[in-house]
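Observations on the model geometry
The lines below spell out each chain.
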Amino acid sequence: MRAVHALSREAPSDRLERSLHGVVEALCDANPERLDAQQQKVTLPSREALATVVAELRAALFPWHFGPADLSEQGLPYYVGRTLDAALRTLERQVYLGLCFERGREPASRQASEERAAPVTEEFAARLPKVRALLGSDALAAFEGDPAASSPDEAIFCYPGITAILHHRLAHELSVLGVPLIPRIISELAHATTGIDIHPGARIGASFFIDHGTGVVIGETAIIGDRVRLYQGVTLGAKSFPKDEQGRCVKGAPRHPIVEDDATIYAGATVLGHITIGRGATIGGNVWLTESVGPGARVTQAQTSRQLFVGGAGI
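Described below are features of the structure shown in this document. (Residues numbered from 1 in each chain as written. Predicted model: local features only at pLDDT ≥ 70, side-chain atom pairs only at ≥ 80, totals over all residues. Heavy atoms only, no water.)

Focus: the sheet that holds strand β5 (residues 223–224)
If you trace the four strands from one edge of the open sheet to the other, you get β2-β5-β8-β11, paired in parallel fashion. Only two strands of the sheet have a single partner each, and these edge strands are β2 (203–204) and β11 (276–277). Note: β2 against β5, two bridges, orientation parallel. Note on β5: the bridge partner recorded for R203 is I223. (Pairing = 2+ DSSP bridges. Helix = DSSP H or I, 4+ residues; strand = E, 2+ residues; numbered from the N terminus.)

What follows is the structure in structure tokens.
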């Protein structure tokens, strides 16, 4: 009885520790690649670090919106410079880790990745003024395209479409520069926050407006012109996935739509395949489209007809 009594008084934390021993071993066994001593010498990229980078870049791009409340004209250059410096230093490290991830973790590969990371980051920094100009056009498009928007500033502060396109424009430049993995992490940070999924490979022109935004999907090889407007639930996707002789998907082949300047695609429309939506075309809500349409086209759902069958006629 005393032994039973002693067992019953065992602390719950002790019992939990013993019961977790097998779980811990199983989880470690499931990740053997990280247990190798050579592998542990290189750290993988960090989502948390990249989230900080994007927040700092956003503040450098829009200091009056996302900088400190007491920011002054005199202090503006110092704040932008300091914030940009911090963001780019962290980004360079993450670019290096992304390059290591792709090339492998042998010493020679790590050295090549380190030599490549600095010039890539410098080139990315040089492209930021162009990115800022595009984002300014996006904010203005949101204001002009949405009667509920009181100012471009409201769109910058509040609209999920602006958040998503900011992430995308940063990620796209890194993708163009050949940085692996890092652009996708940046785009998925926005996807998780806004519900808008834009692959960093997609090419998107100026004055792009995503209204409401939830559920929008834009595939890797999509090309979008200037002044294009999308509403919630729009998919610019692939109709099929070409495969090689081994049955594996062919990577990078054009398979997503081209949407030309001034086109509008309304809520819930699904546009699939490497087709073209002509300049100024309008695609109605919930349309399923797999063929190209010309400039100025208007595509809507077929009108639903209601028929009454008497005595089983027509069945």
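Concerning the sheet that holds strand β12 (residues 282–283)
Taken together, five strands build an open sheet; the order of strands is β3-β6-β9-β12-β14 and the sheet is parallel. For this open sheet the edge positions go to β3 (209–211) and β14 (298–299), each flanked by a neighbour on one side alone. Bridge analysis of β3 against strand β6 (residues 229–231) gives three bridges, and the strand direction is parallel. From the neighbouring strand, D211 faces β6, where its bridge partner is Y231.

A look at a negative patch on the surface
Residues E92, E114, E115 and E122 make up a contiguous surface patch of negative charge. Accessibility expressed as a relative area gives 33% for E92, which makes it partly exposed. (Patch = residues over 30% accessible without salt bridge, like charges linked within 9 Å, V, L, I, M, F, W, Y side chains within 5 Å. Areas by Shrake-Rupley, 256 points an atom, 1.4 Å probe, with all protein chains shown as cover. Salt bridge = Lys/Arg side-chain N within 4 Å of Asp/Glu carboxyl O. Lys, Arg positive; Asp, Glu negative; His and termini not counted. Charge placed at Lys NZ, Arg CZ, Asp CG, Glu CD. Buried < 20%, exposed > 50% of the residue type's maximum accessible area, 1.4 Å probe, protein only.)

Quick word on a nonpolar patch on the surface
Side chains of L16, L20, V23, V24 and L27 sit close together on the surface and give an oily, nonpolar patch of about 440 Å² of accessible area. Relative to the elements of secondary structure, V23 occurs in helix α2 (residues 12–29).

Concerning helix α10 (residues 182–194)
Taking 1.5 Å as the rise per residue, α10 with 13 residues should run 18 Å; its terminal C-alpha atoms sit 19 Å apart, in good agreement. Those residues of α10 lying buried are I182, P183, I185, I186, S187, L189, A190 and T194. (Expected span 1.5 Å × (residues − 1).)

Comments concerning the side chain of H256
By secondary structure assignment, the location of H256 is in the loop between β7 (235–237) and β8 (258–259). Given a relative accessible area of 6%, H256 falls into the buried group. Ignoring any residue separated from it by four or fewer positions in sequence, one finds H256 in contact with G219, E220, T221, A222, L236, G237, A238, G273, H274 and I275. (Contact = heavy atoms within 4.5 Å.)

Overview of the environment of L181
The topology assignment puts L181 in the loop between α9 (160–176) and α10. C-alpha separation for the pair L181 and L97, spaced 84 residues apart in sequence, amounts to 9.3 Å. Filtering out sequence-adjacent residues up to four positions away, L181 remains in contact with P45 and F101.

Some points on the pattern of salt bridges
Side chains carrying opposite charge are able to pair once their charged atoms draw close together. Enumeration over the complete set of coordinates arrives at 11 salt bridges. The partner of R227 in a salt bridge is D261, and the shortest N-O contact between them spans 4.0 Å. Remark: D261 occurs in the loop between β8 and β9 (264–265) and R227 occurs in the loop between β5 and β6; sequence separation between them is 34 residues. Taking relative accessible area as the criterion, R227 reaches 41% and is therefore assigned partly exposed. Taking the shortest distance from any N to any O, the salt bridge between D261 and R279 comes out at 3.1 Å. You can see D261 sitting in the loop between β8 and β9 and its partner R279 sitting in the loop between β11 and β12, a full 18 residues away along the chain. Each of E123, R127, K130 and E173 takes part in a single network of salt bridges with overlapping partners.

Taken by themselves, the reported measurements are silent on function.
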